[in-house]
Protein chains: 2
Amino acid sequence: MLFIDLSNIMSEIKRICLIGSGNVATHLGQAFFRNDIRIDCVYSRTLENARQLSTKLDAYPTDNPDLLGKHSDLYLICVSDQAIPTIYERIVNKIPASAIIAHTSGAVPSLPIVEKAGSTGVFYPLQSFNKERELNLETVPFLITAQKKETADKLMVLAKKLSAKTVLISDQERLTLHLAAVFANNFTNHLLNIAEQIAENNELDFDLLLPLIEETLTRIRHTKPSLVQTGPASRNDLVIIQKHLEILKNNPTWSAVYSLLSQSIMGQYFGRESE
Amino acid sequence: MLFIDLSNIMSEIKRICLIGSGNVATHLGQAFFRNDIRIDCVYSRTLENARQLSTKLDAYPTDNPDLLGKHSDLYLICVSDQAIPTIYERIVNKIPASAIIAHTSGAVPSLPIVEKAGSTGVFYPLQSFNKERELNLETVPFLITAQKKETADKLMVLAKKLSAKTVLISDQERLTLHLAAVFANNFTNHLLNIAEQIAENNELDFDLLLPLIEETLTRIRHTKPSLVQTGPASRNDLVIIQKHLEILKNNPTWSAVYSLLSQSIMGQYFGRESE
């Protein structure tokens, strides 16, 4: 047998300090805990938030970045993108040189490697997390980035404990996937939101659209979206486009969104842009 | 018991002539057939297409609008929006005065009522149909429109045989729901298509995004889209927006879509528009 179990030949990540107590920290923390990975501490600027999560994970809570402890193998920064550099600067010189510091963001580049401090990496679960919703992490792709091979290996081994899908990628690739995710998730949700408002502004039941939305989703499990485009723009039906714009005439933003997306569809299917 | 079964006190629609042989005609025809409603004939401009569908429905095929027969209770026009007026003009004076002529379009207004001819209505299943995909019509909302109450009642009774969700609405309400459906289905599909292209242009696996897309659409079964908006625009993260636009700089249409949707989200969450 030539297969070598990496986890036997290198030191695994066995103890984690979670920096953050929001949606990502909550989902990852609980998944680590279920997989018998020890959570040493949970840090949050708000002690009460740290406490709420740490209680579930049998960890100690703190709101003081000087008190993260020196015994964790991984210091995992799960805070908002804007807050990552600040908390990183604050803790980087206080953790053991043998540890890894990683963040969980799709759009923030790898953390700089600082002499004396441990190695750095990215541990990015490509999913939209919400504390209130249960989520099966096994199907969530984990995208790993690290400059050092040993760090990458350790983060991959850790990710494989949570998920069946793990990929090693570069900062630029992660940012590009994050951009695609903004189109696929944030922007589609916004369009559903506009649909919801159009229905409700006209006292129509948004739930009437749910089977259609469900079919849209189900279809792309089997067929690529490029192959199933339908609607007035995809058949260049300017009469109906005009009728729809008439309904939207008092909302310049929605009219602009409607026109631009119709033009984008026509550009793709007819090789030109048209009103 | 005060409940009165409508189907006992008025003549039901028992025989249907299908005008069209595309996605909608195929799905509706098969559902009628399964519910023991007789399909008299299937008309298509292309006899072979009529034949393919009529064989499944035990009906006779024709490519001649003069040969639709005089015995159907409902002449159901399931052709593309643009083709509806032409075929309507062609057949309206040839069908029995006791029959209903209805179309199945979300965006086309009710057909004009012509003296001598039967009454008119709309029988609109709010769903995106594809011949190749099985679909459970029971969950599809059927939106019914008719000027005469008796016609509306008959079409409602017919719709209830296929679906658990039937609603009587006006032309304007149907057009508004159709507009909302364009946002919820056609435009979201186009955004998924852009996400697919961004991934593939950069040799990244689009399938990595599928769990995220699934979560996006599953969530709205439980929570309204307005309550779960996430992403850079919803937290006014101009740094990441700028990085994403940098990746899109060679595609003016996608850049414009990205900017406009981000502005629309910011306008909603921060009450202002911003780049």
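J.: Can you tell me about the overall build of chain A, naming the residues and giving the values?
T.: Within chain A, the regular secondary structure consists of nine helices and eight strands. A buried classification covers 57% of the 275 residues belonging to chain A. Considering only contacts within chain A whose residues lie at least 6 apart along the sequence, 56% involve residues at least 24 apart. Accessible surface, chain A as shown: approximately 12,100 Å² in total, 50% of it carbon and sulfur. Averaged over its 27 positive side-chain charges, chain A has a centre that lies 5 Å from the centre of its 30 negative ones.

J.: Report on the interface of chain A and chain B, specifying residues and quantitative values.
T.: Contacts between the two partners involve 91 residues from chain A and, on the opposite side, 91 residues from chain B. Summing both partners gives a buried area of about 8,900 Å² for chain A against chain B, and 66% of it is carried by carbon and sulfur. If you sort the residues of chain A by the area they bury against chain B, Arg133(A), Phe183(A) and Leu208(A) come out on top, with a joint share of 8%. Between the two partners, chain A and chain B, sit eight salt bridges. Counting every contact that joins chain A to chain B gives 34 residue pairs in polar contact (both at pLDDT 80 or more). Breaking the side of chain A that touches chain B down by element, the ones donating at least two residues are helix H6 (171-201), helix H7 (210-222), helix H8 (238-247) and helix H9 (252-270) of chain A. Of the residues forming the side of chain A that touches chain B, the biggest block, 27 residues, is contributed by H6(A). Class assignment for the residues of the side of chain A that touches chain B results in 47 nonpolar, 28 polar and 16 charged.

J.: Residues and numbers for empty space enclosed by the protein, please.
T.: Applying the stated criterion across every chain yields a total of four cavities of 30 Å³ or more. Put simply, the largest cavity is a space of about 50 Å³. Lining the largest cavity we find Thr216(A), Arg219(A), Ile220(A), Val228(A), Thr230(A), Asn185(B) and Asn189(B). Counting residues per element, the ones that place at least two in the lining of the largest cavity are H7 of chain A together with helix H6 (171-201) of chain B. Per-element tally for the lining of the largest cavity: the top contributor is H7(A), with three residues. Residue composition of the lining of the largest cavity, by class: two nonpolar, four polar and one charged.

J.: Describe in detail the relation of the copies chain A and chain B, supporting the description with residues and values.
T.: At an RMSD of 0.1 Å, chain A and chain B line up after a rotation of 180 degrees and a shift of 0.0 Å along the axis. Such a combination of turn and shift is consistent with a two-fold rotation axis. Looking at the rotation axis and the C-alpha trace of chain A, the residue lying nearest is Thr188(A), at 2.6 Å. Comparing contact sets, 100% of the residues at the interface of chain A also lie at the interface in chain B, consistent with an isologous, same-surface contact.

J.: Could you give me a rundown of the packing of H6(A) against helix H9 (residues 252-270) of chain B, with the residues and numbers involved?
T.: Think of two packed helices as two axes; the pair is described by the angle between the axes and how far apart they sit. Here H6(A) crosses H9(B) at 50 degrees, and the two axes come no closer than 11 Å. What the angle tells us is that H6(A) and H9(B) run oblique. Crossing handedness for the pair H6(A) and H9(B): left-handed. Counting all contacts with H6(A), which are made through Leu179(A), Val182(A), Phe183(A), Asn186(A), Phe187(A), His190(A), Leu191(A), Asn193(A), Ile194(A) and Gln197(A), the residues of H9(B) involved are Trp254(B), Val257(B), Tyr258(B), Leu261(B), Ser262(B), Ser264(B), Ile265(B), Gln268(B) and Tyr269(B). In the contact of H6(A) with H9(B), the residues fall into 12 nonpolar, seven polar and no charged.

J.: A description of the confidence of the model for chain A should follow, citing residues and the corresponding values.
T.: Across chain A, the average pLDDT comes to 91, with 94% of residues at or above 70. With pTM at 0.89, the complex prediction returns an ipTM value of 0.90.

J.: Give a description of the pattern of salt bridges that names residues and reports values.
T.: Applying the stated rule across the entire model yields 32 salt bridges over all chains. With a closest N to O distance of 3.5 Å, Lys154(A) and Glu150(A) form a salt bridge. With a gap of four residues between them, Lys154(A) and Glu150(A) both fall in helix H5 (residues 149-162), about one helical turn apart. In this structure Lys154(A) comes out as buried when scored by relative accessible area, which is 12%. A salt bridge links Glu48(B) to Arg51(B); the nearest nitrogen and oxygen atoms lie 3.8 Å apart. Of this pair, Glu48(B) and Arg51(B) both sit in helix H3 (residues 47-57), three residues apart, roughly one helical turn. Among the charged side chains, a salt-bridge network with shared partners connects Arg15(A), Arg38(A) and Asp40(A).

J.: Tell me what's going on with unusual backbone geometry, and back it up with residues and numbers.
T.: Most peptide bonds are trans, and most residues other than glycine sit at a negative phi. All names here are of chain B. Positive phi, normally seen in glycine, also occurs at Asp-58, with a value near 60 degrees. Despite not being glycine, Asn-236 shows a phi value in the positive range, around 55 degrees. Relative to the helices and strands, Asn-236 resides in the loop between helix H7 (210-219) and helix H8 (238-247).

J.: Explain the layout of surface pockets to me, using residue names and the numbers behind them.
T.: Its volume calculated, the largest pocket comes out at about 1,100 Å³. Taken together, 43 residues line the largest pocket, and the ones lying closest to its centre are Arg235(A), Val24(B), Val79(B), Ser80(B) and Asp81(B). Put simply, the parts of the chain that give the lining of the largest pocket at least two residues each are H7 of chain A together with helix H2 (23-34), helix H4 (84-91), strand E6 (119-125) and H6 of chain B. At five residues, H6(B) tops the list of elements feeding residues into the lining of the largest pocket. Grouping the amino acids of the lining of the largest pocket by side-chain chemistry returns 16 nonpolar, 22 polar and five charged.

J.: Can you lay out the pairing of E6(B) for me, pointing to particular residues and giving the numbers?
T.: Residues and elements named next belong to chain B. Most of E6 is tucked away: seven of the seven residues are buried. Both faces of E6 are covered, namely the face carrying Ser-119, Gly-121, Phe-123 and Pro-125 and the face carrying Thr-120, Val-122 and Tyr-124. Of the strand pairs in this sheet, strand E5 (residues 100-103) and E6 are connected by four bridges, and their pairing is parallel. Note on E6: the bridge partner recorded for Ala-102 is Gly-121. With five bridges connecting them, E6 and strand E7 (residues 142-146) associate as antiparallel partners. Of the residues in E7, the one forming a bridge with Gly-121 is Ala-146.

Cut-offs used in this document
- Residues numbered from 1 in each chain as written.
- Chains lettered and ligands numbered in written order.
- Predicted model: local features only at pLDDT ≥ 70, side-chain atom pairs only at ≥ 80, totals over all residues.
- Heavy atoms only, no water.
- Helix = DSSP H or I, 4+ residues; strand = E, 2+ residues; numbered from the N terminus.
- Buried < 20%, exposed > 50% of the residue type's maximum accessible area, 1.4 Å probe, protein only.
- Contact = heavy atoms within 4.5 Å.
- Areas by Shrake-Rupley, 256 points an atom, 1.4 Å probe, with all protein chains shown as cover.
- Lys, Arg positive; Asp, Glu negative; His and termini not counted.
- Charge placed at Lys NZ, Arg CZ, Asp CG, Glu CD.
- Buried area = accessible area lost by both parts, 1.4 Å probe.
- Salt bridge = Lys/Arg side-chain N within 4 Å of Asp/Glu carboxyl O.
- Polar contact = N/O pair within 3.5 Å; in protein donor to acceptor, adjacent residues only side chain to side chain.
- Nonpolar A, V, L, I, M, F, W, Y, C, P; charged D, E, K, R; others polar.
- 1 Å grid on protein atoms, 1.4 Å probe; cavity = no way out; pocket = protein on both sides within 12 Å on 5 of 7 lines; lining within 4 Å.
- Points joined across faces, edges and corners; volume = space filled by probe spheres on them.
- Least-squares fit on C-alpha atoms with pLDDT ≥ 70 in both.
- Axes fitted to C-alpha atoms, helices over the stretch in contact; angles between N-to-C directions.
- Parallel < 35°, antiparallel > 145°, perpendicular 65-115°, else oblique.
- Left-handed = near helix turned anticlockwise from the far one by under 90°.
- pLDDT = per-residue confidence, 0-100.
- Pairing = 2+ DSSP bridges.

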